[in-house]
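This is what each chain is made of:
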Amino acid sequence: MKSDKKYILLTLCLMLLVGACSRKQETPPPPVWATEEDDGRFDLPDIQQAGELIALTLSGPDTYYDYHSRHLGVQYLMCEEFAGHLGVRLRMEVCRDTAELLARLAEGDADLAAVRLQTDSLQAGWPVGVDKPLLEEALADWYTPAVYTRMVQEEKQLLTQRRVRRRVYAPMLSKGVISHYDGLFKLYGRRIGWDWRLLAAQCYQESCFDPQARSWAGAQGLMQIMPATADRLGLPRDQLNDPEQSIAAATRYLAELEGKLHDVGDREERRNMALASYNGGLHHIRDAMRLAERDGRNPHRWADVRTYVLRLSQPQYYQDTLVRNGYMRGQETADYVDKIRQRYQQYRRTAR
């Protein structure tokens, strides 16, 4: 009996001991730390940390447009300088109209809009995204009316100075000889099925046969090829001024443009469109073609398309829903094709 009581007592003690040990080994629950919720703001410090200022704009001569592979427009140039002032790169996105621009800004798709919506001459007039007081303050501190005036002058100088720094050669070296590069025009013209005299006329328009010619936008050589275009065509940048390499790359580019204009059945018209695209950009020429077709004109005839190339400098046309690439300085492209064709006719009479 005593042994039974002893056994029961011992068992109870062991159970209590095991329970105590188990409680000591239990891991306490982790503490719950209070966290401050993100307020959703993406202000100046966040923009600088991300390294990018996102701006919205509209296509137009004062706001933003593409010109010889260079972005221009006073509002764009100002925004580019402001981004540099903040130490970040600029990403510009073009909206269809003011309603879309303001809606996207309100939704937080961008940091500001580089469009002058206010008439107060003492302010930049750019709307800033919601909850960005520090960015708005930085913009107010940076902008002065003198900034706008300076940008207007800079763009005007770019557009009114001679487009290419070059030596002007006579249009003909001697009777029947157009240039020192006639042999190259013949060689590469045959490869793409172009009359070599048409290539010569284009070269005169581009550089006056000066292999060292350089435009303000960065185009170089006989055929004024942009470095980015050279990269795509496989022309090393250190050979941009090499006459043969320039002509070879230009003919590759013309053949590429012709291929993208395969819907233009008449070869002569297709060449005109290719020349216009070489100067003004295929995307703008396609816009003009769409407008011509809408208005019952022939979109595959340069004389009809030329009319709309010129009209793409007017708001009622470059803001049309058919136009995908906005404002264009069309007068230069129209003149470019006209002058090449006129010189080509001259060369046909005097060179064989």
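Definitions and cut-offs
Residues numbered from 1 in each chain as written. Predicted model: local features only at pLDDT ≥ 70, side-chain atom pairs only at ≥ 80, totals over all residues. Heavy atoms only, no water. 1 Å grid on protein atoms, 1.4 Å probe; cavity = no way out; pocket = protein on both sides within 12 Å on 5 of 7 lines; lining within 4 Å. Points joined across faces, edges and corners; volume = space filled by probe spheres on them. Helix = DSSP H or I, 4+ residues; strand = E, 2+ residues; numbered from the N terminus. Nonpolar A, V, L, I, M, F, W, Y, C, P; charged D, E, K, R; others polar. Salt bridge = Lys/Arg side-chain N within 4 Å of Asp/Glu carboxyl O. Phe/Tyr/Trp six-rings, centres within 6.5 Å; stacked < 30°, edge-to-face > 60°. Buried < 20%, exposed > 50% of the residue type's maximum accessible area, 1.4 Å probe, protein only. Arc of directions from axis to C-beta. Contact = heavy atoms within 4.5 Å. Polar contact = N/O pair within 3.5 Å; in protein donor to acceptor, adjacent residues only side chain to side chain. Disulfide = S-S within 2.5 Å. Pairing = 2+ DSSP bridges. Expected span 1.5 Å × (residues − 1).

J.: Teacher, can you tell me more about the layout of surface pockets here?
T.: Over the atoms a probe the size of a water molecule is rolled, and this reveals where empty space is left. When its volume is computed, the largest pocket comes out at roughly 520 Å³. Along the wall of the largest pocket there are 27 residues; nearest its centre are Ser69, Thr229, Tyr253, Ser277 and Tyr278. Secondary-structure elements contributing two or more residues to the lining of the largest pocket are helix H9 (227-233), helix H10 (243-260), helix H11 (267-280) and helix H12 (282-294). A class-by-class count of the residues in the lining of the largest pocket yields eleven nonpolar, ten polar and six charged. Its volume calculated, the second largest pocket comes out at about 290 Å³.

J.: Please clarify how the pattern of salt bridges should be interpreted in this entry.
T.: When the charged atoms of two side chains with opposite charge come close together, those side chains can pair. If you walk through the whole model with that rule in mind, you get 23 salt bridges. One salt bridge in this structure joins Arg237 and Asp231, with 2.6 Å as the shortest N-O distance. The partner of Lys260 in a salt bridge is Glu256, and the shortest N-O contact between them spans 3.6 Å. With Lys260 and Glu256 both in helix H10, this residue pair falls four residues apart, about one helical turn.

J.: I tried to follow the packing of aromatic side chains on my own but got confused; where do I start?
T.: Aromatic ring pairs are reported here in terms of the distance separating the ring centres and the angle at which the planes meet. For the structure on display, the rule yields twelve aromatic pairs. Centroid distance Phe82 to Trp142: 5.1 Å. Interplanar angle 45°. Geometry classified as tilted. Here Phe82, found in helix H3 (residues 74-86), pairs with Trp142, found in helix H5 (residues 133-142); they are 60 residues apart in sequence, far enough to count as distant. Of the residues examined, Phe82 reaches a relative accessible area of 0% and is grouped as buried.

J.: Where do I start with empty space enclosed by the protein in this structure?
T.: Applying the stated criterion across every chain, the model contains two cavities of 30 Å³ or more. By volume, the largest cavity amounts to about 70 Å³. Taken together, Asp66, Tyr67, His68, Asn279, Gly280, His284, Met328, Arg329, Glu332 and Thr333 form the lining of the largest cavity. Among the secondary structure elements, those contributing two or more residues to the lining of the largest cavity are strand E2 (65-67), H11 and helix H15 (330-350). Taken together, the residues of the lining of the largest cavity sort by class into two nonpolar, five polar and three charged.

J.: What is the right way to look at helix H7 (residues 182-192) in this model?
T.: An α-helical segment advances 3.6 residues per turn. Residues three or four places apart therefore align on the same side. Within H7, burial applies to Asp182, Leu184, Phe185, Tyr188, Gly189 and Ile192. For H7, the angular spread of the buried residues around the axis is 150°, confining them to a single face. Exposed and facing more than 90 degrees away from the buried side of H7 are Arg190 and Arg191. Buried residues in H7 make contact with helix H8 (196-207), H10 and H11. Downstream of H7 by one or two residues, Gly193 has phi in the positive range, about 75°.

J.: Would you mind going over the environment of Pro145 with me for this structure?
T.: Note that Pro145 resides in helix H6 (residues 145-160). Overall, the relative accessible area of 35% leaves Pro145 in the partly exposed class.

J.: Explanation requested: the side chain of Thr251 in the structure shown.
T.: Mapped onto the elements, Thr251 comes out in helix H10. A distance of 2.8 Å separates a polar side-chain atom of Thr251 from the backbone oxygen of Ala248. Apart from the residues within four sequence positions on either side, Thr251 is in contact with Tyr188, Ile192 and Leu199.

J.: What is the right way to read the state of the cysteines from this model?
T.: One covalent bond between the sulfur atoms of two cysteine residues makes up a disulfide. For the structure shown, the criterion picks out zero disulfides. Looking at the unpaired Cys208, the closest cysteine sulfur is the one in Cys203, lying at 8.8 Å.

J.: Is there a simple way to explain the pairing of strand E1 (residues 52-58) in this structure?
T.: Both faces of the sheet carry side chains from a regular strand, because those side chains alternate between them. Burial of E1 is extensive: seven of the seven residues sit out of reach of the surface. Burial along E1 is two-sided: the face carrying Glu52, Ile54, Leu56 and Leu58 and the face carrying Leu53, Ala55 and Thr57 are both buried. Across two bridges, the pairing between E1 and strand E5 (residues 112-113) is parallel. From the neighbouring strand, Leu56 faces E5, where its bridge partner is Ala113.

J.: Can you help me understand the side chain of Glu258 in this one?
T.: In this structure, Glu258 sits in helix H10. Glu258 gets classed as buried once you look at its relative accessible area, which sits at 8%. A distance of 3.3 Å separates a polar atom in the side chain of Glu258 from a polar atom in the side chain of Arg270. Discounting chain neighbours no more than four positions away, the residues touching Glu258 are Ile192, Trp194, Arg267, Arg270, Arg271 and Ala274.

J.: Would you mind going over H3 with me for this structure?
T.: Between its first and last C-alpha, H3 extends 18 Å over 13 residues, near the 18 Å set by a 1.5 Å rise per residue. Turning to H3, its buried residues are Val74, Gln75, Tyr76, Leu77, Met78, Cys79, Phe82, Ala83 and Leu86. Backbone geometry just downstream of H3 places Gly87 in the positive-phi region, at approximately 80°.

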